[in-house]
Amino acid sequence: DPQQLEVATSGKKRLRRFIVIDEVVDELYGSKVRQYFEENDVQHKILALPTTEETKSMDLVLNILQEVQNFSIDRRTEPIIAIGGGVCLDIVGLAASLYRRRTPYIRVPTTLLSYVDASVGAKTGVNFLQCKNKLGGYTPPVASFLDRSFIQSIPRRHISNGLGEILKMALMKHKGLFDLLKSHGKYLLDTKFQSCSGSADHGDAALQTTRIAIETMLEELAPNLWEDDLDRLVDFGHLISPELEMRVLPSLMHGEAVNIDMAFMTYVAHARGLLSAGEKEQIIQCMRGLELPVWHGGCSWALIKTALRERLKHSGGQPRMPLPTGLGVADIFNDTSEETLERAYKLWVRD
């Protein structure tokens, strides 16, 4: 907005920013963030918080809003900035959407998972009554700032965790992305998605992989931002995983739970005749290559049935089950019998 820009640069009004940063990220990058705002003469308040699945609650949202109120921001020209992983971005997004009904906010993802997933959509939310993201809304950020250099400081397991969501998009929409993950998965884990000179064999696999993952995610989300259409390919890996993830907290990370769900659904697709044995094996081997779990003892047949019943409640009475119909192609099915699901489950457990 030219008028806002004129006010901001004329010196009539000092820039002010309220920042919520994950406490682990604050330990690593907090001094740089503070230095940035000080050097640019921005009045700021930095709130460092523990943002984990266990703390992802309305209590934390209200804590943030109390601090926002104390700092007293202009709800149109002073966006709240969230710096952290997906949980941090979800919590701050919900807080911003509630404050004065809608305060703009900016997402700065610092994990691979949030870089390719939470940064892109409109969803905000917190856990409630032991249910994942039971409270929330659809409030897109005014911007997402993507910087892969943050990813170099996260543990290897967190890289795998993000690769689970990237693999989801590969299996649903993009065989080229699947091939990239098969060929360069270990390299991406080893280099933590940093673009390295002198790696001609791999090209810029990190840039290609993240770009394709984000573009395919946007293709799916942008026309259906408020989920008016409940037939969503991006729900692959998210039918059973919410129940599993909350049941076994904190032993599984989000992308790991999603991958276990995808592994089971790969067996379902095979049991339905949608995937050949060779294609099924390629997918499972790719998952293993990305150091993702392909099974978990907590994912019992009883849990699967409970999770699918919950799915019916929230998807208009239909399972709307996304399944791969090949490598990089998929469709949504409403007619998978319990007998097929149980047969797939037994094969999965056996393997």
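Along each chain, residue indices are assigned from 1 in the same order as the chain's sequence is written. This being a predicted model, a pLDDT of at least 70 is required before a residue's local features are given, and a value of 80 or more before pairs of side-chain atoms are given or counted; all residues contribute to the totals for chains, interfaces and linings. Based on all heavy atoms of the structure, the side-chain values leave hydrogens and waters out of the count.

Enquirer: I tried to follow the pairing of strand 2 (residues 43–49) on my own but got confused; where do I start?
Expert: On a regular strand, each side chain points to the face opposite its neighbour's, so the side chains alternate between the two faces of the sheet. Note: two strands are recorded as paired if DSSP finds a minimum of 2 bridges between them. Numbered from the N terminus, helices here are DSSP runs of H or I no shorter than four residues, and strands are runs of E no shorter than two. Across seven bridges, the pairing between strand 1 (residues 16–22) and strand 2 is parallel. Residue pairing for strand 2: Asp22 is matched across the bridge by Leu49.

Enquirer: What should I look at first to understand the state of the cysteines in this one?
Expert: Covalently bonding the sulfur atom of one cysteine to the sulfur atom of another cysteine gives a disulfide. Pairs of cysteine sulfur atoms within 2.5 Å are identified as disulfides in what follows. By the definition in use, this model includes zero disulfides. Take Cys131: it sits in no disulfide, and the sulfur closest to it among the cysteines is that of Cys299, at 17 Å. When a residue's accessible area, from a 1.4 Å probe over protein chains only, is under 20% of the maximum for its type it is buried; when over 50% it is exposed; and in between it is partly exposed. Look at Cys299 and you get buried, because its relative accessible area is 1%.

Enquirer: Would you mind showing me how to read helix 4 (residues 86–98) here?
Expert: Quick reminder: α-helices carry 3.6 residues per turn. Residues three or four places apart thus point the same way. Here helix 4 is 13 residues long and its end C-alpha atoms lie 19 Å apart, about the 18 Å a rise of 1.5 Å per residue gives. Buried residues dominate helix 4, accounting for 11 of its 13 residues. Listed in full, the buried residues belonging to helix 4 are Val87, Cys88, Leu89, Asp90, Ile91, Val92, Gly93, Leu94, Ala95, Ala96 and Ser97. Of the residues trailing helix 4, Arg100 is marked for its positive phi of about 50°. Multiply 1.5 Å by the residue count of a helix minus one, and that product is the helix's expected span.

Enquirer: Whenever I open this one, the sheet that holds strand 2 confuses me. Can you help?
Expert: Within a beta sheet, neighbouring strands are joined by backbone hydrogen bonds and run either parallel or antiparallel to one another. A sheet is described by the order of its strands in space; here five strands give the open sequence 2-1-3-4-7, paired in parallel fashion. Each edge of the open sheet is held by one strand with a lone partner, namely strand 2 and strand 7 (143–144). Taken together, the four bridges between strand 1 and strand 3 (residues 80–84) define a ladder with parallel strand orientation. Note on strand 3: the bridge partner recorded for Ile19 is Ile81. The strands touched by helix 2 (residues 23–39) are strand 1, strand 2 and strand 3; relative to strand 1, the strand with the most contacts, the crossing angle is about 160°. Against the sheet, helix 3 (residues 58–71) touches strand 1, strand 2 and strand 3, its axis set at about 165° to strand 2. It only takes one pair of heavy atoms within 4.5 Å for two residues to be counted as in contact. For every element, the axis is a line fit to its C-alpha atoms; helices are fit only across the contacting stretch, and the angle between N-to-C directions ranges from 0 to 180 degrees.

Enquirer: Could you clarify how one ought to interpret the domain arrangement of the protein chain in this entry?
Expert: Accessible area lost on assembly of the parts is the figure often given for the size of an interface. Where each domain begins and ends follows an automated or database-derived domain assignment. Taken domain by domain, the protein chain holds domain 1 (14–151) and domain 2 (155–195 + 202–223 + 233–350). Averaged C-alpha coordinates put domain 1 and domain 2 at centres separated by 27 Å. Between domain 1 and domain 2 lies a buried interface of about 1,900 Å² when both sides are counted; carbon and sulfur atoms form 69% of it. The term salt bridge refers to a side-chain nitrogen of Lys or Arg lying within 4 Å of a carboxyl oxygen of Asp or Glu. Across the contact surface, domain 1 and domain 2 share one salt bridge. Pairs of N or O atoms within 3.5 Å make up the polar contacts considered here, provided that, within protein, one atom can donate a hydrogen while the other can accept it, and that residues adjacent in sequence are counted only when both atoms are side-chain atoms. Remark: the boundary between domain 1 and domain 2 carries four residue pairs in polar contact (both at pLDDT 80 or more). As used here, buried area is the combined drop in accessible area, with a 1.4 Å probe, of two parts when they are placed together.

Enquirer: What should I look at first to understand the environment of Phe18 in this one?
Expert: Its location among the elements puts Phe18 in strand 1. Ignoring anything within four residues of it in the chain, the contact list for Phe18 reads Lys45, Leu47, Ile64, Glu67, Val68, Phe71, Ile73, Pro79, Ile80 and Ile81.

Enquirer: Explain the packing of helix 9 (residues 241–248) against helix 12 (residues 301–314) here, please?
Expert: To describe two helices that pack against each other, one gives the angle between their axes and the distance between the axes. Contact pair helix 9 / helix 12: the axes reach a minimum separation of 8 Å and the direction vectors enclose 125°. Comparing their axes, helix 12 and helix 9 come out oblique. When helix 9 is examined against helix 12, the residues Glu243, Leu244 and Arg247 are found in contact with a partner set consisting of Leu303, Thr306, Ala307 and Glu310. Per-class residue counts for the contact of helix 9 with helix 12 are three nonpolar, one polar and three charged. When an angle is under 35 degrees it counts as roughly parallel; over 145 it counts as roughly antiparallel; between 65 and 115 it counts as roughly perpendicular; any other value is oblique. Gly falls in the polar group here, along with every residue not listed as nonpolar (Ala, Val, Leu, Ile, Met, Phe, Trp, Tyr, Cys, Pro) or charged (Asp, Glu, Lys, Arg).

Enquirer: Even after reading the chapter, I still don't get the environment of Ala213, so can you show me in this structure?
Expert: If you trace the backbone, Ala213 turns up in helix 8 (residues 205–221). Each C-alpha atom, one on Ala213 and one on Arg157, is 19 Å from the other, the two residues being 56 residues apart in sequence. Those residues in contact with Ala213 that sit more than four places away from it in its chain are Val116, Ile166, Met169 and Leu177.

Enquirer: Quick question: what am I supposed to make of the pairing of strand 9 (residues 330–333) here?
Expert: Sheet analysis places strand 8 (residues 321–324) next to strand 9, joined by four bridges and oriented antiparallel. Bridged to Met321 within strand 9 is Phe333. Between strand 8 and strand 9, which pair antiparallel one after the other, the connecting turn spans five residues, and Gly328 there sits at a positive phi close to 90°.

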